[in-house]
Amino acid sequence: MSPITHGMIGWIISQPLEKRRDRLFVTVASLLPDFDGAGAIINIDYYAQYHHTFGHNIFFGLLLFFITLKYGIDKKNTAILVFISFNSHIVSDLFGSGAGWGIPFFWPVNNVMFEFSYPFQWELDSWQNLLTTSICIVFIIILGLFKNRTIVEMFSVNADEKVVRIFHRWFGSGK
Ligand SMILES: [Zn+2]
């Protein structure tokens, strides 16, 4: 699944949290696994070898959990949502990364591959992924109207306020 969709899912999961910094932790947790694909910048062989390995296993998820437990503000709740957000990435990949992209979830302890199959697996550029992204956008607009914040807050609070104002104008809900 595309990093943008992963990020949107993570941000939606972060919504029960009061503090923006905690929501940032949860959103980032949904994006970090794909850093094991960054080897593509050096060499496509690195990508093939390491993508879906050191970022896509339960130990990396637990590492994020414990880091958040130390540095989060609402520590316990943020750490739990970080772990859920991390796993949302894994599940989304199982559904929407196409065939041949199994995930060794217990790597490096073992290399057992987890992989869904048809009809619970679809290609990266499929309508199912597009639908997921569209549903996320609808959720983000709804949250913008009801909680007065959007995913843009991850980059800039000022820009986020502007976006919220635009949503309110579109939907005639005042503010
Ligand atoms: Zn991934």
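Definitions and cut-offs
Each chain carries its own residue numbering, running from 1 in the direction its sequence is written. In keeping with the model being predicted, local features are shown solely for residues with a pLDDT of at least 70 and side-chain atom pairs are shown and tallied solely at 80 or more, while totals for entire chains, interfaces and linings include all residues. Side-chain calculation: all heavy atoms of the structure are included, whereas hydrogens and water are not. Every case where a carboxyl oxygen of Asp or Glu lies within 4 Å of a side-chain nitrogen of Lys or Arg is listed as a salt bridge. Here a helix means four or more residues in a row that DSSP labels H or I, a strand means two or more in a row labelled E, and each is numbered from the N terminus. Residue exposure (1.4 Å probe, protein chains only): buried if accessible area is under 20% of the type maximum, exposed if over 50%, otherwise partly exposed. Donors, by definition, are the N, O and S atoms found within 2.8 Å of a metal, the threshold being 3.2 Å for Na, K and Ca, and water is not counted, so a site can look incomplete. Tetrahedral means four donors with every angle between 85 and 135 degrees, whereas square planar (four donors) and octahedral (six donors) require angles over 155 degrees between opposite donors and between 65 and 115 for all others; sites fitting neither are termed irregular. In this description, a nonpolar core means a group of buried Ala, Val, Leu, Ile, Met, Phe, Trp, Tyr and Cys residues linked to one another through side-chain atoms lying within 4.5 Å. Whether two residues are in contact is decided by their heavy atoms: any pair within 4.5 Å suffices. Think of each axis as a best-fit line through the C-alpha atoms, taken over the contacting stretch in the case of a helix, with angles from 0 to 180 degrees between the N-to-C directions. Just so you know how the angles are binned, under 35 degrees is roughly parallel, over 145 roughly antiparallel, 65 to 115 roughly perpendicular, and the rest oblique. Two helices cross in a left-handed way if the nearer one is turned anticlockwise from the farther one by less than a right angle. They cross in a right-handed way if the turn is clockwise. Here the term charged refers only to Asp, Glu, Lys and Arg, the term nonpolar to Ala, Val, Leu, Ile, Met, Phe, Trp, Tyr, Cys and Pro, and the term polar to all other amino acids, Gly among them.

S.K.: Please provide a residue-by-residue account of the pattern of salt bridges, values included.
M.R.: Under the defined criterion, the tally for this structure stands at 1 salt bridge. Among the ionic pairs, arginine 23 bridges to glutamate 153, the shortest N-O distance being 2.7 Å. With arginine 23 in helix H2 (residues 20-29) and glutamate 153 in the loop between helix H6 (127-147) and helix H7 (157-170), this residue pair connects regions lying 130 residues apart in the sequence. In terms of burial, arginine 23 and glutamate 153 fall into one category: buried.

S.K.: Summarise the coordination of the zinc ion; cite the residues concerned and give the values.
M.R.: For the zinc ion, the protein coordination sphere consists of Asp34 (OD), His56 (NE2), His89 (NE2) and Asp93 (OD), at 2.0 to 2.2 Å. Geometry at the zinc ion is irregular, judged from its 4 donor atoms and the angles of 92 to 165° they form at the metal. Mapping the donors of the zinc ion onto the primary sequence gives the spacing D-x21-H-x32-H-x3-D. Placement of the pair is histidine 56 in the loop between helix H3 (44-50) and helix H4 (58-71) and histidine 89 in helix H5 (residues 75-96), with a sequence separation of 33 residues.

S.K.: So what's going on with the nonpolar core? Residues and values would help.
M.R.: By size, the foremost hydrophobic cluster in this structure holds 23 residues, and its most contacted members are Trp11, Val26, Leu64, Phe86, Ile90 and Ile151. Within the residue set of this core, elements represented by two or more residues are helix H1 (3-13), H2, H4, H5 and H6. Sorting elements by how many residues they give to this core places H5 first, with 5 residues. In contact with isoleucine 151, not counting residues within four places along its chain, are Gly7, Met8, Trp11, Ile140 and Asp160.

S.K.: Tell me about the packing of H4 against H5, residues and numbers included.
M.R.: Packed helices, taken two at a time, are described by the angle between their axes plus the distance between the axes. Orientation of H4 relative to H5, taken along the N-to-C sense of each, is 160°, at an axis distance of 8 Å. For the element pair H4 / H5, the angle class is roughly antiparallel. Relative to H5, H4 is oriented so that their crossing is right-handed. Counting all contacts with H4, which are made through Ile58, Phe60, Gly61, Leu62, Leu64, Phe65, Thr68, Leu69, Lys70 and Tyr71, the residues of H5 involved are Lys75, Lys76, Thr78, Ala79, Ile80, Val82, Phe83 and Phe86. Classifying every residue of the contact of H4 with H5 gives 12 nonpolar, 3 polar and 3 charged.

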